[in-house]
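Observations on the model geometry
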Amino acid sequence: MRVSLRAAFRIMLFAFVIGLLNAGCYKFEGDQTVPAYLRIDTIRFTTDYAAQGSSTHNITDAWVYVNGQLIGAFELPATFPVLARGKQRLEIRPGIKLNGIAATRVPYPFMKPIVVENFNFFEDSIVRINPQTTYYENLRFLWREDFERTSLTLEKTNQSDTSIYRTEPANNPEAWLSGNSAHSGLVHLQGSRKFFRVMSFQGFNLPSNGSPVFLELDYKCDKAFGVGMLARINNTIETFPLLVVNKNPVWNKIYINLTPIASTYNTAEYFKIYFESELGTETEARFYFDNIKLIHRIPTL
């Protein structure tokens with residue numbers, strides 16, 4: 001869709017472009033002085049549910065390249081100028097907040113870039129794009145827990161006062177609900193149940209060569225909780241706290257980078273994932289979890 005811009009708006013945004021050029025973010029070789037504009041509201045994400053699980057996502061940014069040059073990373077929704085005209089190679093990489101931190105935004109390495117080899121840029125016009133992406137094919141889903149089965153893959157540890165349970169009945173309004181989801185995981189702290197630590201029942205072998213490893217998690221909670229890893233190294237159990245996830249009363253998704261631990265402790269026999277929190281001075285707290293995925297890229301031989 002092409003929309004003509006008013007002169008004042010053009011002047012304002014052109015000044016912004018000049019600022020970008022002076023900062024060295026993007027160089028355009030040629031005599032073009034009037035930019036084209038792109039509009040991206042959101043990046044859609046689809047999955048093969050049977051093989052890859054839910055299509056929930058938290059794509060917050062678009063990393064935009066023209067002919068291999070980075071134009072910028074734009075928080076969505078966004079309208080932004082590009083000094084390009086005619087048919088050029090456009091690439092959009094889905095971006096996330098690494099470990100849920102707004103200051104650490106990166107392209108998510110497990111989602112395919114959207115590439116248009118001959119994208120037509122129009123000077124002094126806005127072109128609206130509706131990109132869609134999927135996971136790469138060369139991924140291994142080591143662990144998936146969507147709480148749709150009665151047998152769960154998380155268990156309480158010896159230190160825990162309680163365990164994690166499936167929400168009941170089906171389609172409880174507190175659960176994450178979709179066409180494939182009628183249940184979520186729930187930990188309820190109250191009274192004598194003051195501390196929980198639940199851990200993956202299975203231990204996982206993770207790549208140790210720097211290949212990306214991520215934990216995806218949907219959650220909502222009344223109180224902050226911790227995420228960590230446990231590793232068996234030389235017949236000793238080592239615990240590695242990773243981060244604290246702040247309380248959030250609505251469902252949210254986080255992408256947790258496990259690559260540094262997996263690569264640093266490359267002699268580990270296996271790793272497990274745990275979640276924990278304590279009641280503290282509160283009278284009760286609820287923690288909901290869903291669509292847990294442990295994913296790594298299959299190393300190239």
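Position numbers for residues start from 1 in each chain and track the written sequence from start to end. Local features in this predicted model are restricted to residues of pLDDT 70 or higher, and side-chain atom pairs are both shown and tallied only at a pLDDT of 80 or more, whereas totals for entire chains, interfaces and linings draw on every residue. Only hydrogens and water are removed before side-chain values are computed, so all heavy atoms of the structure are retained for them.

Regarding the overall build of the protein chain
When helices and strands are counted, the protein chain shows three helices and 22 strands. Residue exposure (1.4 Å probe, protein chains only): buried if accessible area is under 20% of the type maximum, exposed if over 50%, otherwise partly exposed. Considering the protein chain as a whole, with its 301 residues, one finds that 47% of them fall into the buried category. Contacts are assigned to residue pairs with any non-hydrogen atoms lying within 4.5 Å of each other. Pairs at least 24 apart in sequence give 75% of the contacts found in the protein chain among residues at least 6 apart. Carbon and sulfur atoms make up 50% of the accessible area of the protein chain, which totals about 14,700 Å². In DSSP terms, a helix is any run of H or I states spanning at least four residues, a strand is any run of E spanning at least two, and both are numbered starting from the N terminus. Per-residue accessibility takes into account occlusion by the displayed protein chains alone, with areas from the Shrake-Rupley method and a 1.4 Å probe.

Describing the side chain of Ser181
When you line up the elements, Ser181 lands in the loop between strand E14 (165–166) and strand E15 (185–190). Polar contacts involving the side chain of Ser181 include one to the main-chain carbonyl oxygen of Trp176, which spans 2.5 Å. Polar contact criterion, stated in full: a pair of N or O atoms within 3.5 Å, where within protein one must be able to donate a hydrogen and the other to accept it, and residues adjacent in sequence count only if both atoms are side-chain atoms. A polar contact is formed between the side chain of Ser181 and the backbone oxygen of His183, at a distance of 3.4 Å. Setting aside its immediate chain neighbours within four residues, Ser181 contacts Glu148, Asn171, Trp176 and Asp290.

Regarding the sheet that holds strand E16 (residues 195–200)
Strands pair, by our definition, only if DSSP identifies at least two bridges between them. Ordered by their spatial adjacency, five strands build an open sheet running E13-E16-E21-E18-E19, and the pairing between neighbours is antiparallel. Strands with a single pairing partner mark the edges of an open sheet, and in this sheet they are strand E13 (154–156) and strand E19 (236–245). Neighbour-to-neighbour, the strand axes of the sheet open up by a mean angle of 25°, direction not taken into account. Where E13 lies against E16, three bridges are found, and the strand directions are antiparallel. Paired with Leu154 across the strands is Ser200, a residue of E16. Lines fitted to C-alpha atoms define the axes here, with helix axes fitted over just the stretch in contact, and angles between the N-to-C directions of these axes take values from 0 to 180 degrees.

Here we look at the pattern of salt bridges
Counted as salt bridges are all cases of a side-chain nitrogen of Lys or Arg within 4 Å of a carboxyl oxygen of Asp or Glu. One pass over the structure, following the stated rule, counts 17 salt bridges. Residues Arg197 and Glu276 are paired through a salt bridge, measuring 2.8 Å at the closest nitrogen-oxygen approach. A residue pair is termed long-range when its members are at least 10 positions apart, and Arg197 in strand E16 and Glu276 in strand E21 (residues 270–278) qualify at 79 residues. We note a salt bridge from Arg232 to Glu269, for which the minimum N-O separation is 3.1 Å.

Some details on the pairing of strand E4 (residues 61–66)
Of all six residues in E4, six are buried, a share of seventy percent or more. With burial as the criterion, each face of E4 is covered, one bearing Asp61, Trp63 and Tyr65 and the other bearing Ala62, Val64 and Val66. Sheet analysis places E4 next to strand E5 (residues 69–75), joined by six bridges and oriented antiparallel. Residue pairing for E5: Asp61 is matched across the bridge by Glu75. Taking the residues between adjacent antiparallel strands as the criterion, E4 and E5 are bridged by two residues, where Asn67 takes a positive phi near 50°. Direction of pairing for E4 relative to strand E7 (residues 86–97): antiparallel, over a ladder of six bridges. Its bridge partner being in E7, Tyr65 is matched across the sheet by Glu91.

Side note on the packing of aromatic side chains
Note on aromatic contacts: the rings of Phe and Tyr and the six-membered ring of Trp form a pair at centre separations within 6.5 Å, being stacked when their planes are under 30 degrees apart, edge-to-face when over 60 apart, and tilted otherwise. Summed over all chains, the structure comprises 18 aromatic pairs. With a centroid separation of 5.6 Å and an interplanar angle of 75°, the aromatic rings of Tyr219 and Phe225 are classed as edge-to-face. The exposure classification of Tyr219 matches that of Phe225, with both residues buried. Centroid distance Phe225 to Phe287: 6.5 Å. Interplanar angle 90°. Geometry classified as edge-to-face. On the criterion of sequence distance, the pair formed by Phe225 in strand E18 (residues 225–233) and Phe287 in strand E22 (residues 284–297) is long-range, its members being 62 residues apart. Cluster of aromatic residues (ring-pair linked, three or more members): Phe196, Tyr219, Phe225, Phe275, Phe287 and Phe289. Only lysine NZ and arginine CZ atoms are considered, and such an atom sits over a ring when it is within 6 Å of the ring centre and within 35 degrees of the ring normal. The lysine or arginine in question, Arg297, covers the ring of Tyr136, its NZ or CZ lying 5.9 Å from the ring centre.

What about the nonpolar core?
Soluble globular proteins tend to bury their nonpolar side chains together. One finds Trp143, Leu215, Phe225, Phe275, Phe287 and Phe289 to be the most contacted residues of the largest nonpolar core, which totals 38 residues. Each residue touching Phe287, except ones within four places of it in the same chain, is listed here: Gly185, Leu186, Val187, Leu189, Phe196, Lys220, Cys221, Lys223, Ala224, Phe225 and Ser277. Core analysis: the second largest hydrophobic core is formed by 34 residues, Phe110, Tyr135, Phe141 and Tyr255 among them. The term nonpolar core refers to a set of buried residues drawn from Ala, Val, Leu, Ile, Met, Phe, Trp, Tyr and Cys, joined through side-chain atoms within 4.5 Å.

What to know about the pairing of E18
Counting buried residues along E18, eight of its nine residues qualify, which places the element largely inside the surrounding structure. Bridging between E18 and E19 involves nine bridges; their strand directions are antiparallel. Bridge pairing in E19 places Arg232 opposite Ile237. Sheet topology places E18 next to E21; seven bridges connect them, and they run antiparallel. Residue pairing for E21: Arg232 is matched across the bridge by Tyr270.

A few points about the environment of Tyr136
Within the secondary structure, Tyr136 sits in the loop between strand E11 (132–133) and strand E12 (139–145). Considered as a pair, Tyr136 and Pro109 are 27 residues apart in the sequence and their alpha carbons are 8.7 Å apart. Filtering out sequence-adjacent residues up to four positions away, Tyr136 remains in contact with Gln52, Pro109, Phe110, Met111, Lys112, Pro113 and Arg297.

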